[in-house]
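Structural overview
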Amino acid sequence: MSKEFSRLLRPKSIAVIGGGAWCQQVIQQSQLMGYAGDIWPVHPKAAELAGHKAYAQLEDLPSAPDAAFVGINRHATIEAVQILSEMGSGGAVCFASGFSEAVAEDDMGGDLQSELIKAAGSMPILGPNCYGFINALDGALLWPDQHGAVPVERGVAILTQSSNISINLTMQRRALPIAYMVTCGNMAQTSQAEIAAALVDDPRVTAVGLHIEGFKDIREWEALAVKAFEKDVSLIALKVGASEQAQAATVSHTASLAGSDAGAQALLNRLGIPRLKSLPEFLETLKLLHCYGPLTGANIASISCSGGEASLIADMAVGTGLSFPKLSQDKETRLRDALGPMVALNNPLDYHTYVWRDEAAMARAWAGMTGDDIDLTISIVDYPTTDLTDWACATNAALKVREETGARFAVAATLPELLPEDVAQTLMAGEVVPFMGLSETLAATRAAGQICAPSHEPICLPGDLEAKRILTEADAKQALAEHGLRVPQNRSVRSAEEAQCATHEMNAPFAVKGVGLAHKSEHAAVRLGVQASDVPKVATEIGTDEILIEEMISGTVAELLVGVVRDPAHGFVLTLGAGGVLTEILRDTTSLLIPTTPDEIRGALGALKIAPLLAGYRGQPAADMDEIIAAVLAVQNYVVHNADTLSEVEINPLLCTPTRAVAVDALIRKA
């Protein structure tokens, strides 16, 4: 991370260049937030702007500003940025549009953005086409519009590629303390990963939420993930959009199954960054991380005064990876003491309303659901929209549990509107997480338990050569075999006579295949179980110029797909899944990035729906997992050694037996 962002993001002086309504808003918003530094408007004609003395030109300023909001047209922006850079300013927000985002309508946009980058030099800029940022810690707002941020002493940072989404997020009424709201715009010169790394450097930032449309420099993201983990600052992502993958001539099942999003998901997994699906989940996760940081596991406890809510959260948690541990003897003893004999003790727990309004008894009961084996205890409380008086006991009981036990505790409303903002603020001040919405509660809890150390092994990045040739199956198998992959005994022949001779050198039965077809089964160009005497006839019927004859593999437990696709945005995506005729039907796949490890491969295989087949289903023999992993590693070894020219590799199927893993079909596409 070569750029220095501290002056830009935490400025002691701000220059506002331009005199329109947008620029006046920048001055007013900083004043309203209590900014204590200098504000210097720059305008060639005005004597003052928003109550501050105006300077006719940048050169007239008392000194080089730490941060500048450039609110003038795109051509003048370039000139202003160059002057700021030459002055030694700390950085600038470029508000103007009409740069690279407008290339489709204006041929000048791309050239102007290049000029802007050159003008900035080493001075960091946000944008262009960018709303700038809000620093609610120091009251510095290079922000030209209204917002919902308030001063905070510590809180989360949110970094988006959409100015409109950022405005909406500042308007949240969920008691989330937002320390920074930063927009990236076109990211002409500074990347999202670079900005996030600068935010992580502020010790007042508790977590960073990233709204990501695409990854630019993978190495920067790897460095960010390592830095954030070492500083104990959690990262989460809301990833949208699809990467551009150069798959116009895709020939493998792998590419069509994996899709562009598989690489993004595999990258986030590798970086240890959980991915959320919606803005509400995103915000609720940040609240949890602000209070407690990452969770160490996925064990939760739920307590509510209604059996309906207990059943609801139990059902909603199915498939999330969260679990409700059985109550320990110690918990049962504490709960029985607090609730008496009339309550059936379970997790989730319906404690009825016997202790309602008795804050001390409620706190004892709720505390009874905490413990070292519970990562988060959730009390489901829906506050009425009419009279809240009778619900004060719930708020106070939750605060009492947190204060007396130190346990991670949350109050969750089944609907977002049933937890008033002032109550949420009170809970948050007492380090109790105020969750708004039950589905969001579960998503946030699961995400907080998925944060982990990023891989320290750099991702294998692909070359940029265009793939133009497909290796024959025989050549592909030979190439992979040289890197350790098991393949059947085989011979390539070009006539019935050669086919007959080949049968004398191998053991029947045989698989006879046409060569030169991407999907041979669709052309009836694969015949299995062929006896030696029938091979010449079958080869003639298939009719391709070249025929591949190979020994059949017996004792198959399961068939796997092992494929790799070159993804320019994320690296090489390794896809593992159900193979053979089930590939397209089940679409049972999982993806990793290369290079990966034996343990990660084993975990990925265990996550497949067909994992029971590999483990030995209903008394059937199990596949040799070590052999399967060795086969995957052999494919990976080939990819790493051919990264500059490779586009696709696919083994389908990899036949898995109790003693071997053999590739009976292989495809390679490369430059």
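Look a little higher up for the structure.
The paragraphs below set out a description of the structure included in this document. What you see is a predicted model, and the numbers here were worked out from it, not measured in a lab.

Focus on the pattern of salt bridges
Evaluated as defined, the whole model comprises 30 salt bridges. With its nearest N and O atoms 2.7 Å apart, the salt bridge here joins Glu-505 to Arg-491. Within this pair, whereas Glu-505 is found in the loop between helix H17 (496-503) and strand S21 (510-514), its partner Arg-491 is found in strand S20 (residues 490-493), the two being separated by 14 residues in sequence.

Things to note about the side chain of Ser-302
By secondary structure assignment, the location of Ser-302 is in strand S14 (residues 300-304). Those residues in contact with Ser-302 that sit more than four places away from it in its chain are Ile-313, Phe-324, Asn-347, Pro-348, Leu-349, Met-369, Ile-378 and Ile-380.

Looking at the sheet that holds strand S17 (residues 409-413)
Strand order in the open sheet formed by 5 strands is S15-S14-S16-S17-S18, and the pairing between neighbours is parallel. Because the sheet does not close on itself, it has two edges, and the strands there are strand S15 (349-350) and strand S18 (433-436). In this sheet, strand S16 (residues 376-380) lies alongside S14 in parallel orientation, the contact comprising 4 bridges. In the sheet register, Ala-301 faces S16, and the bridge partner there is Thr-377. Against the sheet, helix H10 (residues 307-316) engages S14, S15 and S16, with an angle of about 155° to S14.

Concerning the sheet that holds strand S1 (residues 13-17)
If you trace the 5 strands from one edge of the open sheet to the other, you get S2-S1-S5-S6-S7, paired in parallel fashion. At either end of the open sheet lies a strand with only one pairing partner, and these are strand S2 (38-42) and strand S7 (125-126). Of the pairings in the sheet, the one linking S1 to strand S5 (residues 67-70) comprises 4 bridges and is parallel in character. When the sheet's bridge partners are listed, Ala-15 is paired in S5 with Ala-68. Packed onto the sheet, helix H2 (residues 21-32) meets S1, S2 and S5 and runs at close to 155° relative to S1.

A few points about the pairing of strand S12 (residues 205-212)
Burial analysis of S12 places 8 of its 8 residues in the buried class, which makes it a mostly covered element. Pairing geometry for strand S10 (residues 155-160) and S12, over 4 bridges, is parallel. Bridge assignment links Ala-157 to a residue of S12, and that residue is Val-208. With 6 bridges connecting them, S12 and strand S13 (residues 234-239) associate as parallel partners. Bridging from a neighbouring strand, Gly-209 pairs with Ile-236 of S13. Taken together, S12, helix H7 (residues 218-230) and S13 constitute a β-α-β crossover, and its handedness is right-handed.

Overview of the packing of aromatic side chains
Here the structure, examined in full by the defined rule, presents 9 aromatic pairs. Arranged with centres 5.9 Å apart and planes meeting at 55°, the rings of Phe-95 and Tyr-131 form a pair that is tilted. With Phe-95 in the loop between strand S6 (92-94) and helix H4 (108-120) and Tyr-131 in the loop between S7 and strand S8 (133-135), the pair connects residues that are 36 residues apart, well separated along the chain. As far as the burial class goes, Phe-95 and Tyr-131 line up, both buried. For the ring pair Trp-356 and Trp-391, a centre distance of 5.7 Å and an interplane angle of 70° mean the geometry is edge-to-face. Highlighted residues: Trp-356 in the loop between S15 and helix H12 (359-367) and Trp-391 in the loop between S16 and helix H13 (392-405), separated in sequence by 35 residues. The class for Trp-356 is buried, based on a relative accessible area of 13%. Following the ring pairs from residue to residue traces out a cluster consisting of Trp-22, Phe-69, Phe-95, Tyr-131 and Trp-143.

Looking at unusual backbone geometry
Here the bond from Asn-347 into Pro-348 is cis, since omega is 5°, no more than 30 degrees from zero. Position of Pro-348 among the secondary structure elements: in the loop between helix H11 (329-339) and S15. Of note, the amide linkage connecting Ile-594 to Pro-595 takes the cis form, showing an omega dihedral of 5°. Mapping Pro-595 onto the fold places it in the loop between strand S26 (589-593) and helix H20 (598-606). Phi is positive for Ala-175, which is not a glycine, with a value near 70°.

Focus: the pairing of S18
Residue alternation in S18 divides its side chains into two sets, Val-433 and Phe-435 and Pro-434 and Met-436, and both sets are buried. Across 4 bridges, S17 lies against S18 in parallel orientation. Pairing of Ala-410 across the sheet is with Val-433, part of S18.

Thresholds, definitions, all that
Residues numbered from 1 in each chain as written. Predicted model: local features only at pLDDT ≥ 70, side-chain atom pairs only at ≥ 80, totals over all residues. Heavy atoms only, no water. Salt bridge = Lys/Arg side-chain N within 4 Å of Asp/Glu carboxyl O. Helix = DSSP H or I, 4+ residues; strand = E, 2+ residues; numbered from the N terminus. Contact = heavy atoms within 4.5 Å. Pairing = 2+ DSSP bridges. Axes fitted to C-alpha atoms, helices over the stretch in contact; angles between N-to-C directions. Buried < 20%, exposed > 50% of the residue type's maximum accessible area, 1.4 Å probe, protein only. Right-handed = clockwise from strand over helix to strand, strands pointing away. Phe/Tyr/Trp six-rings, centres within 6.5 Å; stacked < 30°, edge-to-face > 60°.

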